[in-house]
Amino acid sequence: MSSENTARAFWVEAPGQGAIRTQSLATPGPDEVRIRACYSAISRGTETLVFHGRVPESEYARMRAPFQQGDFPAPVQYGYSSVGMVEEGPNDLKGRYVFCLHPHQDHYVVPVSMAMPLPDALPPERAVLAANMETALNGLWDAAPRIGDRIAVIGAGVVGTLVAWLCRNIPGTRVELIDIDDSRETLARALDIDFSTPERAQGECDLVIHASGSQSGLQQALSLAGQEATIVEMSWFGAQAVSLPLGEAFHSRRLTLRASQVGTVSPARSARRTHGERMMQALSLLDDDRLDVLIDAESAFEDLPDTMARITTRPGALCHRIRYSF
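About the thresholds
- Residues numbered from 1 in each chain as written.
- Predicted model: local features only at pLDDT ≥ 70, side-chain atom pairs only at ≥ 80, totals over all residues.
- Heavy atoms only, no water.
- Helix = DSSP H or I, 4+ residues; strand = E, 2+ residues; numbered from the N terminus.
- Rg over C-alpha atoms; globule rule 2.2 N^0.38 Å.
- Buried < 20%, exposed > 50% of the residue type's maximum accessible area, 1.4 Å probe, protein only.
- Contact = heavy atoms within 4.5 Å.
- Areas by Shrake-Rupley, 256 points an atom, 1.4 Å probe, with all protein chains shown as cover.
- Pairing = 2+ DSSP bridges.
- Axes fitted to C-alpha atoms, helices over the stretch in contact; angles between N-to-C directions.
- Phe/Tyr/Trp six-rings, centres within 6.5 Å; stacked < 30°, edge-to-face > 60°.
- Lys NZ or Arg CZ within 6 Å of the ring centre and 35° of its normal.
- Disulfide = S-S within 2.5 Å.
- Parallel < 35°, antiparallel > 145°, perpendicular 65-115°, else oblique.
- Nonpolar A, V, L, I, M, F, W, Y, C, P; charged D, E, K, R; others polar.
- Arc of directions from axis to C-beta.
- Salt bridge = Lys/Arg side-chain N within 4 Å of Asp/Glu carboxyl O.
- Core = buried A, V, L, I, M, F, W, Y, C linked by side-chain atoms within 4.5 Å.
- Expected span 1.5 Å × (residues − 1).

Trainee: Hey, could you run me through the overall build of the protein chain in this one?
Mentor: When its secondary structure is counted, the protein chain shows seven helices and 17 strands. Compactness check: the protein chain gives a C-alpha radius of gyration of 20 Å against a globular reference of 20 Å for 326 residues, within 12% of the reference. Along the first, second and third principal axes, the C-alpha set of the protein chain runs to 65 × 40 × 40 Å. Counting all 326 residues of the protein chain, 52% fall into the buried class. Long-range contacts, defined here as pairs at least 24 residues apart, represent 67% of the contacts in the protein chain between residues at least 6 apart. A total accessible area of about 14500 Å² is found for the protein chain, and carbon and sulfur atoms account for 48% of it.

Trainee: Explain the sheet that holds strand β15 (residues 256–259) to me, please; I cannot follow it from the model alone.
Mentor: Sheets are built from strands that pair by backbone hydrogen bonding, the pairs being arranged parallel or antiparallel. Reading across from one edge, β12-β11-β10-β13-β14-β15 is the order of the six strands in this open sheet, with parallel pairing throughout. The strands lining the two open edges of the sheet, one partner per strand, are β12 (194–196) and β15. For this sheet the average axis-to-axis angle between neighbouring strands, irrespective of direction, equals 20°. Here strand β10 (residues 150–154) runs beside strand β13 (residues 205–210); their pairing, made up of four bridges, is parallel. Paired with I154 across the strands is H210, a residue of β13. In this fold helix α2 (residues 130–143) packs onto β13, β14 (225–233) and β15, with an angle of close to 145° to the strand it touches most, β13. Helix α3 (residues 158–167) rests against β10, β11 (174–178) and β13 of the sheet, and its axis sits at about 165° to β11.

Trainee: How do you make sense of the packing of aromatic side chains when you look at a structure like this?
Mentor: How two aromatic rings sit relative to each other is set out by the distance from centre to centre and by the angle between their planes. All chains considered together, the criterion is met by four aromatic pairs. Here the aromatic rings of F72 and Y78 are separated by 5.7 Å at their centres, their planes lie at 55°, and the arrangement is tilted. Grouping residues by exposure puts F72 and Y78 together as buried. With a centroid separation of 6.0 Å and an interplanar angle of 85°, the aromatic rings of Y78 and Y80 are classed as edge-to-face. Classification of Y78 as buried rests on a relative accessible area of 6%. An aromatic cluster of at least three residues, connected via ring pairs, comprises Y60, F72, Y78 and Y80. R21 extends its terminal NZ or CZ atom over the ring of W11, reaching a point 4.1 Å from the ring centre.

Trainee: Would you explain the state of the cysteines in this entry?
Mentor: Linking two cysteines covalently through their sulfur atoms gives a disulfide. All told, the structure shown has zero disulfides when counted by the stated rule. For C319, which is in no disulfide, the shortest distance to another cysteine sulfur is to C38 and amounts to 15 Å. On the basis of relative accessibility, which here comes to 1%, the residue C319 falls in the buried class.

Trainee: I'm lost on the packing of α2 against helix α6 (residues 275–284) in this one. Help?
Mentor: If you want to describe how two helices pack, look at the angle between their axes and the distance between the axes. At a minimum axis separation of 8 Å, α2 and α6 run at an interaxial angle of 110°. Accordingly, the angle class assigned to the pair α2 and α6 is roughly perpendicular. Together, A130, M133, E134, L137, N138 and W141 of α2 and H275, R278, M279, Q281, A282 and L283 of α6 make up the contact between the two elements. Partitioned by chemical class, the residues of the contact of α2 with α6 number seven nonpolar, three polar and two charged.

Trainee: I'm lost on helix α7 (residues 304–311) in this one. Help?
Mentor: Structural remark: α-helix, 3.6 residues per turn; residues separated by three or four positions point the same way. Where α7 is concerned, the buried positions are L304, P305, T307, M308 and I311. The buried residues of α7 all sit within an arc of 165° when viewed along its axis, so they share a single face. Next to the buried residues of α7 lie β1 (6–14), β2 (17–24), β3 (32–42), α1 (44–51), β16 (295–300) and β17 (319–323).

Trainee: I'm lost on the pattern of salt bridges in this one. Help?
Mentor: Two side chains bearing opposite charge may form a pair once their charged atoms approach each other closely. Evaluation of the coordinates by the stated rule reveals 18 salt bridges. The residue E87 makes a salt bridge to R36 at a minimum N-O spacing of 3.3 Å. Separated by 51 residues along the polypeptide, E87 in strand β6 (residues 82–88) and R36 in strand β3 bring together distant segments of the chain. In this structure E87 comes out as partly exposed when scored by relative accessible area, which is 31%. With a shortest N-O distance of 3.1 Å, R254 and E228 are connected by a salt bridge. Of this pair, R254 sits in the loop between β14 and β15 while E228 is found in strand β14, placing the two residues 26 residues apart along the sequence.

Trainee: Just checking my understanding: could you explain the nonpolar core for this structure?
Mentor: Counting residues in each nonpolar core, the largest one holds 78 residues, and the members touching the most others are F99, V163, I209 and L291. It is α3 that contributes the most residues to this core, eight residues altogether. Contact partners of L291, with chain neighbours within four places excluded, come to R126, L129, M133, L162, W165, L191, L285 and L286. In terms of nonpolar packing, the next biggest core, distinct from the first, is built from 16 residues, A152, F237, F250 and L255 among them.

Trainee: Hey, could you run me through α2 in this one?
Mentor: An ideal rise of 1.5 Å per residue puts 20 Å on 14 residues; α2 measures up with 20 Å between its terminal C-alpha atoms. Of all the 14 residues making up α2, 14 are buried; the element is thus mostly covered by neighbouring parts of the structure. Following α2 by one or two positions, A144 has its phi on the positive side, about 50°.

Structure follows, in structure tokens:
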């Protein structure tokens, strides 16, 4: 158990090995809050690379999480999807649920500006999806879908599914969520999204968004794009080399391949949106009970070392929620 001056935190001790450490906790200052974690979530794509020591050395600085302790490859404390209750801080925040880009830890102290109050209608159990929704939102600011577009989203993980879910509300669009796992059709149906396996996917798209994290998925994204279409890459491959057919029709079809990364606000909005405003927008977009289907498992914080080892070697997992004792 933590005391007022200590906290328990999950650390990657070495590639593929995790442990929970007890560490000191500072007393909050006048512009800080002390938060008691209620839930956090494993960001399976990024945290798999971190847990197994696959972050490229060239990206050590850029990949640091906001409240990361330690350095890559290990020992390091990493994560960025925590929901908790403010125990100490300004009166208008005390007792409120907040979202914070913080690693897996049962109590922590952060600046007030980093504690994002949840909308009243948003259950804290679902708010762990906020980091994924922020990534999806930023990706669509980069992609700039238009009314009537033919849109393919490759990869029915959490981010890809959220991207497709947001796109389907644009009038006149044809949105198809594509995955090699045909069982994901049940997930798509629950969110009113059209689903296809790669063999049945429709081509001549105006916009293709790739979020499968696989070379074959990105290769298919090129094949589904129509003349002068845009492919937005939302996966991150770490140190993995990717081979693409940039001969063939890539040049003659005048395709655009661009990266989207959530670390910076999309240039399409950066002059008018801060990181905090983007996060508050993401939280507001989670106000739909159907999105609970994206959380497919939950386990206790005390079990996180074993859970992380299992989740990061199991393909097909969605959002795994971590529950803290309270």
